[in-house]
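# Working through the structure, step by step
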Amino acid sequence: MSALFTLDPSAVRVVRADTKQQILADLAACFAAVYGLDVATVMDGIEEREKLGSTGFGRGVAIPHARVDGLERPVAAFFRLESPVEFASADGMPVDCVFGLLSPTQAGATHLQALAAISRMMRDERMHERLVSAPYAEALFGLLVNVIDRDAA
């Protein structure tokens with residue numbers, strides 16, 4: 001999909017969640033199911049990163065991320081929330097889009113480059129509006145792939 005990370009279509013979902021903790025647990029379960037990872041390992045990695053400070057990016061977006069064992073390359077998941085959830089974001093706004101990223105433990109620069117690419121995409125206000133209004137997961141995936149492939153070219 002991208003030179004920086006893989007986004008499997010089954011890792012793009014419309015999710016109902018009431019709390020940040022539920023979002024993180026659902027994200028860990030998604031990564032485990034889609035990419036064949038251990039759910040507890042993923043959850044531990046994501047929670048450890050959240051202890052350093054919220055990954056609530058601002059403007060309705062969170063980018064939970066971690067480095068975990070068992071990966072060859074970075075992988076991603078995207079959740080569009082059915083309704084916004086408080087996420088302790090830098091701007092105090094609840095989130096409605098969650099873009100998760102996991103990278104191999106040793107992926108220093110690669111992890112940062114993938115985070116930067118996701119951050120650039122999610123800062124685009126028009127893109128955010130399109131994601132929030134997309135009617136279903138397949139439409140979300142189409143929007144994301146279009147931007148990721150365009151930016152990789």
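Above this note sits the structure.
A brief structural summary. Not measured: the values here are computed from a predicted model.

For any two aromatic rings, the description comes down to two numbers: the centre-to-centre distance and the angle of the planes. Under the counting rule described, the total for this entry stands at three aromatic pairs. Judged by centre distance (6.1 Å) and plane angle (85°), the ring pair of Phe5 and Phe99 falls under edge-to-face. Pair noted here: Phe5 is in the segment before β1 (6–15) and Phe99 is in strand β6 (residues 95–104), with a separation of 94 residues, a long-range link. Taken together, a centroid distance of 5.5 Å and an interplanar angle of 75° make the contact between Phe78 and Phe99 edge-to-face. In this pair, Phe78 sits in strand β5 (residues 75–85) while Phe99 sits in strand β6, placing the two residues 21 residues apart along the sequence.

For the coordinates displayed, the defined rule picks out four salt bridges. The salt bridge partner of Lys20 is Glu50, with a shortest N-O separation of 2.8 Å. Taken together, the positions of Lys20 in helix α1 (residues 20–35) and Glu50 in helix α2 (residues 39–51) put the pair 30 residues apart, joining distant regions of the chain. Residues Lys20 and Glu50 agree in their burial class; the two are buried.

Our focus in this paragraph is the nonpolar core. One finds Phe31, Leu81, Val98 and Leu102 to be the most contacted residues of the largest nonpolar core, which totals 27 residues. Listed by contribution, the elements that provide at least two residues to this core are β1, α1, α2, β4 (65–68), β5 and β6. Looking at this core, the element that brings in the most residues is α1, giving seven residues. Apart from residues no more than four positions distant in its own chain, Leu102 is found in contact with Phe31, Leu37, Val42, Ile46, Ala66, Val68, Leu71, Arg73, Pro74 and Val75. One finds Leu7, Val61, Cys97 and Ala134 within the second-largest nonpolar core, a separate group that totals 23 residues.

On to the side chain of His128, then. As for its position among the elements, His128 is in helix α4 (residues 125–133). Aside from chain neighbours lying at most four places away, what touches His128 is Arg59, Gly60, Val61, Asp96 and Cys97.

Quick look at α2 now. Given a rise of 1.5 Å per residue, 13 residues ought to cover 18 Å, and the 18 Å separating the end C-alpha atoms of α2 matches this to within 8%. Three or more residues of α2 are buried, namely Val42, Met43, Gly45, Ile46 and Glu50. Take α2 and look down its axis: the buried residues cluster within an arc of 160°, on one side only. Looking at the buried side of α2, the elements it contacts are α1, β4 and β6.

Side chains three or four residues apart in an α-helix point the same way, a direct result of the helix having 3.6 residues per turn. In a regular helix each residue adds 1.5 Å, so 16 residues correspond to 22 Å; α1 covers 22 Å between its end C-alpha atoms and thus fits that length. Regarding α1, the residues found buried are Lys20, Ile23, Leu24, Leu27, Ala28, Cys30, Phe31, Ala32 and Tyr35. Those residues of α1 hidden inside the fold are in contact with β1, α2, β5 and β6. At the exit of α1 stands Gly36, carrying a positive phi of roughly 70°.

Here the phi dihedral of Arg59 falls at roughly 55°; this positive angle occurs in a residue that is not glycine. With respect to the element layout, Arg59 can be found in the loop between β2 (56–58) and β3 (61–62). A relative accessible area of 41% places Arg59 in the partly exposed class.

Below, the discussion takes up the side chain of Ser89. Structurally, Ser89 is set in the loop between β5 and β6. When neighbours within four sequence positions are excluded, Ser89 is seen to be in contact with Ser54, Gly56, Gly58 and Val95.

Procedures and definitions
- Throughout, a residue's number is its position along its own chain's written sequence, starting from 1.
- Local features are withheld for residues below a pLDDT of 70 in this predicted model, meaning they are given only at 70 or higher, and side-chain atom pairs are given and counted only at 80 or more; totals for whole chains, interfaces and linings count all residues.
- Computation of side-chain values covers all heavy atoms of the structure but excludes hydrogens and water.
- The criterion for an aromatic pair is that two Phe, Tyr or Trp rings (for Trp, the six-membered ring) have centres within 6.5 Å, with stacked assigned to planes under 30 degrees apart, edge-to-face to planes over 60 apart and tilted to the rest.
- Runs of H or I in DSSP of at least four residues are treated as helices and runs of E of at least two as strands, each being numbered from the N terminus.
- Any carboxyl oxygen of Asp or Glu within 4 Å of a side-chain nitrogen of Lys or Arg constitutes a salt bridge here.
- Remark: exposure states derive from per-residue accessible area (1.4 Å probe, protein chains only) relative to the maximum for the residue type, with buried under 20%, exposed over 50%, and partly exposed in between.
- By convention a nonpolar core is built from buried Ala, Val, Leu, Ile, Met, Phe, Trp, Tyr and Cys residues, the set being connected through side-chain atoms within 4.5 Å.
- Residue contacts follow a heavy-atom distance rule, with two residues in contact if any of their heavy atoms lie within 4.5 Å.
- Multiply 1.5 Å by the residue count of a helix minus one, and that product is the helix's expected span.
- Here the arc refers to the directions that run from the helix axis out to each C-beta atom.

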